[in-house]
Amino acid sequence: MPRVVHLLALGIFAMVTSEFVVAGLMPQMAAGLHVTIPEIGYLITAFAAAMAVGGPLLTVLMLRLRPKAALMALFAVFLAGNVLAATATDYGVMLTARVITGAASQAFFGVALSVTSALVAEHLRGRATATVLNGLMLGTLLGLPLATVVGEHFGWRAAFWGISVLTVVAAASTVAGVPRLERVDGAGGVRAQLRSVARPKLWLVLSTSTFVIGATFAAFSYVNPILTGVTGFTTTTVPLLLIAYGVATVVGNHVVGRFADRHALPALVVGLGLNAVFLTGFALFADLKLPAVVSLLGIGLVGVTMNPALVTRVQRAGNAGPLVNTVHGSFITLGIIIGSWLGGLLITDHGLRAPLWLGAGLAVLGLVTLVPDLRKASAGSAPTPHLTPAIPDATRTGERT
């Protein structure tokens, strides 16, 4: 796998760490900015909304730049947002900073995935995508805990300064490691990419991603209170279980990446089916420690780890251009919002197990969105992959594993 793929994963690691850092530093930030904890929670919502809406808009502005220039421009915007957060004097400034970093983060995902698709042979794109998305998995597994520890010992501003330093390191590595490439316009330019995004077929494929991620985050958003309030684990044990969950996501991401190129649809069918089973089992046996832990680890293995298969399927339905990839990220973010929001509403009237049942239902809906492609496959007329490289073939380098 080309070294540049790992460098892009480092950039995503920095951005995912920034995305989740607020969740680990809520009390400190509330005290420092003289607001309530719910108001700090809104910063997470603002980041997600900026990813979903601002990310594609920012990506459109990047389409006329060469890939390396686009990546560096997005690093610069992201760095500016984190520096603004580290120096924020009031809540309004912090809110602005989170909107800036959210939009830059989503756009970076899209451009990075497009560059990844262009730098490897077509039959390696699923594995390359999984490698880049290790930045996402490791950001959840390591980035959030590290940022939280830094914030607790040196203040919440130090956590944002640390992310800023990491961003500079990732940007410098990208400058040194990413080769000079042509413009990211293999999908036909701005108008052609907009037309591609507007196709109904693509929207159905994108909806699968919303249900996959929504199912997982319906459970994950409330796993801490479920494990302590229903299962009976202590607050000191839950972090260890979350680390185990994070390890499961890294393993699952690697496995799915191996199947994503040639077996994306079967991988999604199996993954969604198993996720529905694990979520249902968690809901039924949440009061029993062993079944609860098995279910939690199972969700880690087949939840967000479906991303390489999801990316492959979306690129085949649309193209490998940055706008399609960024809009795909917006649909994934929509899943996070739906899962966490509806899960919270259901807890009020139906208790802590309700988000788990919601997750199982969303997984089933995800399976339903696969039915048209399954029918085509069973009839022997499955769509032929037609990934359009985001960058001309002449620019590809490092196709060896």
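Source: prediction; values computed, not measured.

Colleague: Give me the side chain of T129: which residues, what numbers.
Modeller: Relative to the helices and strands, T129 is located in helix 6 (residues 125-154). For T129, a relative accessible area of 1% puts it in the buried group. Excluding anything up to four places from it in sequence, T129 contacts L113, T116, P308 and V311.

Colleague: Tell me about the environment of L7, residues and numbers included.
Modeller: Examined against the element boundaries, L7 turns out to sit in helix 1 (residues 3-24). Residue class for L7 comes out buried when judged on its relative accessible area of 15%. A sequence separation of 165 residues divides L7 from A172, and the C-alpha atoms of the two residues are 9.8 Å apart. Ignoring any residue separated from it by four or fewer positions in sequence, one finds L7 in contact with S173 and G177.

Colleague: Before we move on, could you go through the packing of aromatic side chains and cite the residues and values that matter?
Modeller: Taken as a whole and assessed by the stated rule, the structure comprises five aromatic pairs. Summarising the aromatic geometry, the rings of F75 and F108 are spaced 4.8 Å apart at their centres and angled 55° between planes, so their arrangement reads as tilted. Here F75, found in helix 4 (residues 67-86), pairs with F108, found in helix 5 (residues 91-119); they are 33 residues apart in sequence, far enough to count as distant. On the basis of relative accessibility, which here comes to 3%, the residue F75 falls in the buried class. When its relative accessible area of 0% is taken as the criterion, F108 is described as buried. An aromatic cluster is present here, built from F217, F220 and Y245 joined pairwise through their rings.

Colleague: Tell me about helix 3 (residues 37-62), and name the residues and values.
Modeller: Over its 26 residues, helix 3 extends 36 Å from the first C-alpha to the last, a length consistent with the 38 Å expected when each residue adds 1.5 Å. Taken as a whole, helix 3 carries its principal kink of about 45° at G54; the proline P56 stands between one and four residues after it.

Colleague: Go over the environment of V255 with me, naming the residues and quoting the values.
Modeller: The topology assignment puts V255 in helix 11 (residues 238-284). Owing to a relative accessible area of 40%, V255 belongs among the partly exposed residues under this scheme. Considered as a pair, V255 and P308 are 53 residues apart in the sequence and their alpha carbons are 9.7 Å apart.

Colleague: Describe in detail the nonpolar core, supporting the description with residues and values.
Modeller: Membership of the largest hydrophobic core comes to 96 residues, with the highest contact counts inside it found for M29, I40, M94, F160 and F282. Tallying contributions element by element places helix 11 first for this core, with 14 residues. Discounting residues that sit within four places of it in the chain, I40 has contacts with V22, M26, M29, A30, L33, V35 and Y91. Within the second largest apolar cluster, 10 residues are counted, among which are V314, L323, V327 and F331.

Colleague: So what's going on with helix 15 (residues 354-369)? Residues and values would help.
Modeller: Look at helix 15: 23 Å from first C-alpha to last across 16 residues, which is about the 22 Å you get at 1.5 Å a residue. Regarding helix 15, the residues found buried are A354, P355, L356, L358, G359, A360, L362, A363, G366 and T369. Buried residues along helix 15 sit against helix 9 (200-220), helix 10 (223-231), helix 11, helix 13 (307-317), helix 14 (322-350) and helix 16 (371-378).

Conventions adopted
Residues numbered from 1 in each chain as written. Predicted model: local features only at pLDDT ≥ 70, side-chain atom pairs only at ≥ 80, totals over all residues. Heavy atoms only, no water. Helix = DSSP H or I, 4+ residues; strand = E, 2+ residues; numbered from the N terminus. Buried < 20%, exposed > 50% of the residue type's maximum accessible area, 1.4 Å probe, protein only. Contact = heavy atoms within 4.5 Å. Phe/Tyr/Trp six-rings, centres within 6.5 Å; stacked < 30°, edge-to-face > 60°. Expected span 1.5 Å × (residues − 1). Bend = angle between axes of the 7 residues up to and from the residue. Core = buried A, V, L, I, M, F, W, Y, C linked by side-chain atoms within 4.5 Å.

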